[in-house]
Amino acid sequence: QVQLVESGGGLVQAGGSLRLSCAASGRIFSINTMGWYRQAPGKQRELVARISSGGSTNYADSVKGRFTISRDNAKNTVYLQMNSLKPEDTAVYYCNAGIGIGLGSSWSDYWGQGTQVTVSS
């Protein structure tokens, strides 16, 4: 069994900051790309940022320059530092990871349960 557990969401005023964390645990042999997605009410889930096992990153245009994704491979954890938050960043944020559970196994997609981020104006 593999679990992704997010933490760090909450309520913040516009212009403020939050840091999300997502820790993977369980039967893990290796982790490929890790990322953060979000889903606002009435909208589709969208990519926010992702980071490869080697540290390459990419971001949605809407968050470039404000959000920073990072990972600690020793802890199987990915972070999302969110600065200069805007009301339009309000959403449920989901952690995602491609995880292999054994030598030679293919990557499988795993998702966290989601954490609410609310930015007030």
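Look above for the structure.
As the structure is a prediction and not an experimental result, all values here were calculated from the model. (Residues numbered from 1 in each chain as written. Predicted model: local features only at pLDDT ≥ 70, side-chain atom pairs only at ≥ 80, totals over all residues. Heavy atoms only, no water.)

Q: Could you give me a rundown of the nonpolar core, with the residues and numbers involved?
A: Within the largest apolar cluster, 29 residues are counted, with the highest numbers of intra-cluster contacts made by Trp-36, Val-48, Phe-67, Val-78, Leu-80, Met-82 and Tyr-93. Only strand E1 (2-7), strand E3 (18-26), strand E4 (30-39), strand E5 (46-51), strand E7 (67-72), strand E8 (77-82), strand E9 (91-100) and strand E11 (115-120) provide two or more residues apiece to this core. Element by element, the count of residues in this core is highest for E9, at five residues. If we skip the residues at most four places from it in the chain, Val-78 touches Leu-20, Ser-21, Cys-22, Met-34, Trp-36, Ile-51, Ile-69, Ser-70, Arg-71 and Cys-95. (Core = buried A, V, L, I, M, F, W, Y, C linked by side-chain atoms within 4.5 Å. Buried < 20%, exposed > 50% of the residue type's maximum accessible area, 1.4 Å probe, protein only. Helix = DSSP H or I, 4+ residues; strand = E, 2+ residues; numbered from the N terminus. Contact = heavy atoms within 4.5 Å.)

Q: Quick one: what's the story with the state of the cysteines, residue by residue and with numbers?
A: This structure, assessed with the given rule, holds one disulfide. Covalently, Cys-22 is tied to Cys-95 through a disulfide, its sulfur atoms 2.1 Å apart. Given an S-S torsion of about -80°, the disulfide between Cys-22 and Cys-95 has left-handed geometry. Taken together, the positions of Cys-22 in strand E3 and Cys-95 in strand E9 put the pair 73 residues apart, joining distant regions of the chain. On the basis of relative accessibility, which here comes to 0%, the residue Cys-22 falls in the buried class. (Disulfide = S-S within 2.5 Å.)

Q: Which residues make up the sheet that holds E8, and what values go with them?
A: With respect to topology, four strands assemble into an open sheet ordered E1-E3-E8-E7, the strand pairing being antiparallel. Edge positions in the sheet fall to E1 and E7, since each has one partner strand and no second. For this sheet the average axis-to-axis angle between neighbouring strands, irrespective of direction, equals 15°. With six bridges connecting them, E7 and E8 associate as antiparallel partners. Pairing of Arg-71 across the sheet is with Val-78, part of E8. (Pairing = 2+ DSSP bridges. Axes fitted to C-alpha atoms, helices over the stretch in contact; angles between N-to-C directions.)

Q: Quick one: what's the story with the packing of aromatic side chains, residue by residue and with numbers?
A: Counted according to the given criterion, the structure contains one aromatic pair. Summarising the aromatic geometry, the rings of Tyr-37 and Trp-111 are spaced 5.0 Å apart at their centres and angled 65° between planes, so their arrangement reads as edge-to-face. One end of the pair, Tyr-37, is in strand E4; the other, Trp-111, is in strand E10 (residues 108-111), with 74 residues separating them in the sequence. On the basis of relative accessible area, Trp-111 is assigned to the partly exposed category, the value being 36%. In this structure, Arg-45 is placed above the aromatic ring of Tyr-94, and the distance from its NZ or CZ to the ring centre is 3.7 Å. Of note, Arg-45 hangs over the ring of Trp-111, and the distance from its end group to the ring centre comes to 4.7 Å. (Phe/Tyr/Trp six-rings, centres within 6.5 Å; stacked < 30°, edge-to-face > 60°. Lys NZ or Arg CZ within 6 Å of the ring centre and 35° of its normal.)

Q: I'd like a rundown of the environment of Phe-67, residues and numbers included.
A: As for its position among the elements, Phe-67 is in strand E7. With 18 residues separating them along the chain, Phe-67 and Leu-85 place their C-alpha atoms 8.8 Å apart. Excluding anything up to four places from it in sequence, Phe-67 contacts Arg-38, Val-48, Tyr-59, Leu-80, Gln-81, Met-82, Asn-83, Leu-85, Asp-89 and Tyr-93.

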